[in-house]
Amino acid sequence: MNRMRVAVIGRGAVGSVVARSLRDGNVPGAELAGLLARSGPSGRPDTDDLPLITLHEALREADLVVECANQQVVKDVGARILTAGTDLMIISVGALADDMTATALRAAGPGRLYASSGAIGGLDVLRAAARCAPFERITVTITKQPYALVQSWMDAREAARLRVATEPIEVFRGPARETADRFPECTNVAAAVALAVGDWAVVEVVIIADPAARPSVHEVVADGLAGTYRFGIVSRPSPERESSSMVTPYAVLSAISDLTGRDFTFR
Ligand SMILES: NC(=O)c1ccc[n+]([C@@H]2O[C@H](COP(=O)([O-])OP(=O)(O)OC[C@H]3O[C@@H](n4cnc5c(N)ncnc54)[C@H](O)[C@@H]3O)[C@@H](O)[C@H]2O)c1
C-alpha cells in the first residue's frame, strides 16, 4: 500500500519533531517527503540530516504539506499548495483570523485544508454542540508569564508594568479576532475555538499575565442551548521554545495518523 508522503515547512520547535518522527517511521502509513527550510545555516544540527526540498518539489512529490512555520507562510503559500492539488495542514491557524486569507484558502482547491488542533483540545465536542445549536457565549482565558506577553506596540510604561508584575494582571479582554493584531501568539488557540464553532463573534478572549504561571494555561467555557462545556489545559512548554506547547507536534502527528487511517480515529 502507498504511504502518504508528507512535506514539512519549518524546522523549529514544532516542525523539527514532526519531520524527525515522520523520517523515523513513527506514523504508520506516512513518510517524510522532505523539509522546506529557510536558506542559510539551520542553527539546528538535529535537523541537518533531514532531506531538504523546495516548494516546487513538494508540490510534485508530497500528498500533504504541513505548515509548522508562521502565519505569514500560510498567507504566502497556502492557496498555491491547495490549487496544485496537494493537501495542506496548518498549525498557525491564527492566520485564518484574517478574512481575506480564510476566504482565499476556502476557495482554493482541489487540495484539502486541515487545521491542526495544536495545543488545545475539546474542539470535537464544541463543533458538535455548535451544529446542534449556536453558542451564546464562549470565553477563552489564556494565562501566560508576563514577559511572554510584552508586545512591540506597548508603550514603555505598559511593557515595564508587565515585566515587574508580582501578581496576575488582565492584559486583554475582547473579541477573538482582535488577538491577531494585539497578541498574535494567543491567536492560534482563539482561532481554533472560533473555527470549531464556525463563529468568531461569539468567542471572547481574556489574556492574563501571571508571574506564577509556569506553563501556559488555556481555559474554555462555552455556553449554549446544547449545554455548558468547561475545560482547562495546562501545557508544558516545548523544551526549545517556551511559547510553544510541548504537545503541539504530537497533535500534528496524531492528525496525520488520522488521515492515513492506519490507527484508531476518534470522531
Ligand atoms: N495551533 C497551536 O496551538 C500552536 C502551538 C504552537 C505553535 N503554533 C504555531 O506554529 C508555528 C511554529 O511554531 P514553533 O514553535 O515551531 O516556532 P519556531 O520559531 O520554533 O519555528 C518556526 C520555524 O519556521 C521557519 N520558517 C519561517 N518562515 C519560513 C519559510 N518561509 N520557509 C521555511 N521555514 C520557515 C523558521 O526558520 C523556524 O525554523 C508558529 O506560527 C506558532 O505560532 C501553533
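Residues numbered from 1 in each chain as written. Predicted model: local features only at pLDDT ≥ 70, side-chain atom pairs only at ≥ 80, totals over all residues. Heavy atoms only, no water.

### With respect to the overall build of the protein chain
Across its full length, the protein chain carries nine helices and 10 strands. Across its three principal directions, the C-alpha atoms of the protein chain cover 55 × 45 × 35 Å. Counting the 267 residues in the protein chain, one finds 51% classified as buried. In the protein chain, 28 positive and 31 negative side-chain charges are present, and the distance between their average locations comes to 2 Å. (Helix = DSSP H or I, 4+ residues; strand = E, 2+ residues; numbered from the N terminus. Buried < 20%, exposed > 50% of the residue type's maximum accessible area, 1.4 Å probe, protein only. Lys, Arg positive; Asp, Glu negative; His and termini not counted. Charge placed at Lys NZ, Arg CZ, Asp CG, Glu CD.)

### What to know about the nonpolar core
In a soluble, globular protein the nonpolar side chains are often hidden away together inside. Within the largest apolar cluster, 62 residues are counted, with the highest numbers of intra-cluster contacts made by Phe135, Ile138, Val140, Val203 and Val205. Ranked by residues supplied to this core, first place goes to helix α8 (residues 187–197) with eight residues. The two domains that each donate at least three residues to this core are domain 1 (4–118 + 247–260) and domain 2 (123–235). With residues up to four places along the chain from it excluded, the contact list for Val140 reads Val189, Val193, Val203, Glu204, Val205, Val206, Glu219 and Val220. Of all hydrophobic cores here, the second largest spans 20 residues; its members include Val8, Leu35, Met89 and Leu253. (Core = buried A, V, L, I, M, F, W, Y, C linked by side-chain atoms within 4.5 Å. Domains from an automatic or database assignment. Contact = heavy atoms within 4.5 Å.)

### Re the site of the ligand
Neighbouring residues of the ligand: 21 residues in total, closest Val14, Ser92, Ala119, Arg241 and Ser244. Here a nitrogen atom of the ligand sits 3.4 Å away from a polar atom, N or O, in the side chain of Asn70. At a separation of 2.7 Å, an oxygen atom of the ligand approaches a polar side-chain atom of Ser92. Starting from 860 Å² of accessible surface for the ligand in isolation, the protein chains cover 79%. (Near = heavy atom within 4 Å. Polar contact = N/O pair within 3.5 Å; in protein donor to acceptor, adjacent residues only side chain to side chain. Areas by Shrake-Rupley, 256 points an atom, 1.4 Å probe, with all protein chains shown as cover.)

### Some details on the pairing of strand β9 (residues 216–224)
A regular strand carries its side chains on alternate faces of the sheet. Across eight bridges, strand β6 (residues 135–144) lies against β9 in antiparallel orientation. Looking at β9, one finds that Val140 is bridged to Val220. When β9 meets strand β10 (residues 227–235), the two strands line up antiparallel, connected through nine bridges. In the sheet register, Val220 faces β10, and the bridge partner there is Phe231. Hairpin connection of β9 to β10: two residues between the antiparallel strands. (Pairing = 2+ DSSP bridges.)

### Quick notes on the domain arrangement of the protein chain
Per the domain assignment, the segments of the protein chain are domain 1 (4–118 + 247–260) and domain 2 (123–235). Distance between the C-alpha centres of domain 1 and domain 2: 25 Å. Contact with domain 1, which involves 10 residues of that partner, is made by 10 residues of domain 2. Counting each side, the surface lost to burial between domain 1 and domain 2 is near 740 Å², with a carbon and sulfur contribution of 60%. Counting the contacts that link domain 1 with domain 2 gives one salt bridge. Here Arg177 and Asp99 are joined by a salt bridge, their closest N and O atoms 4.0 Å apart. Here domain 1 and domain 2 share three residue pairs in polar contact (both at pLDDT 80 or more) between them. When the residues that make up the side of domain 1 that touches domain 2 are grouped by side-chain class, the tally is four nonpolar, four polar and two charged. (Buried area = accessible area lost by both parts, 1.4 Å probe. Salt bridge = Lys/Arg side-chain N within 4 Å of Asp/Glu carboxyl O. Nonpolar A, V, L, I, M, F, W, Y, C, P; charged D, E, K, R; others polar.)

### Structural notes on the pattern of salt bridges
Across all of its chains, the model carries 13 salt bridges by this definition. Residue Arg11 pairs with Asp48 through a salt bridge whose shortest N-O separation is 3.6 Å. Placement of the pair is Arg11 in the loop between β1 (4–9) and α1 (13–23) and Asp48 in the loop between β2 (30–36) and α2 (55–61), with a sequence separation of 37 residues. Judged by its relative accessible area of 13%, Arg11 falls in the buried class. By sharing partners, the salt bridges in this structure join Arg3, Arg5, Glu31, Arg60 and Glu61 into a single network.

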